[in-house]
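# A look at the structure
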Amino acid sequence: MLSRIWRLIKLEILKLAYQRIFYIALAIIVLTLLGSIFLGHQDGTAPPNSFTLLSRAIQNAFKITALFVLILGCLSISSEVTGGTIKTILINPVRRSELFIGKVIAMVITALLLALMIEILSFGIVW
């Protein structure tokens, strides 16, 4: 059972790497992060310190990341149904619960990798 779920997770991550929307989401997240840091001070007050810029940038990037992970998760399930590949997957000895668990874990791994990318990039820029 665990080996089937592990194979499903690897397949989901590979399918995600071939989707254009994933790279569009990465670009939007990076642009949000950069915009929050470099365009954060536009009013007439004193410039914020780097901690304020960092926390604002991370907060904005995490909001966008949550939205895109939700979109990617919904697309991963709906693309199986609309493409007709879910019938091929379910013909094999894979339960629906294993398929769902594999997709959920793949999205969690994707969200964690995006969060790690945001943290490293934001600390590197503000440093």
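Below, the structure is looked at part by part. (Residues numbered from 1 in each chain as written. Predicted model: local features only at pLDDT ≥ 70, side-chain atom pairs only at ≥ 80, totals over all residues. Heavy atoms only, no water.)

### What to know about the environment of A57
Applied cut-off: Strands are runs of DSSP state E lasting at least two residues, helices are runs of H or I lasting at least four, and both sets are numbered from the N terminus onward. Contacts were defined at the residue level, with two residues in contact if any of their heavy atoms lie within 4.5 Å.
Secondary-structure assignment places A57 in helix α3 (residues 50–83). Residues A57 and I37, spaced 20 residues apart in sequence, show a C-alpha to C-alpha distance of 5.8 Å. When neighbours within four sequence positions are excluded, A57 is seen to be in contact with L33, S36 and I37.

### Here's the deal with the nonpolar core
Using the following cut-off: Nonpolar cores are built from buried Ala, Val, Leu, Ile, Met, Phe, Trp, Tyr and Cys residues. Side-chain atoms within 4.5 Å join them into one set. The cut-offs for exposure are 20% and 50% of the maximum accessible area for each residue type, with area from a 1.4 Å probe on protein chains only; residues under the lower value are buried, those over the upper are exposed, and the others partly exposed.
Grouped together as the largest cluster of nonpolar side chains are 12 residues: A25, I29, L33, I37, L54, A57, I58, A61, F68, V69, L114 and I118. Contributions of two or more residues to this core are made by α2 (20–38), α3 and α5 (96–126). Per-element accounting of this core gives the leading share, six residues, to α3. Ignoring sequence-local partners within four residues, the contact set of I58 consists of L33, I118, E119 and S122.

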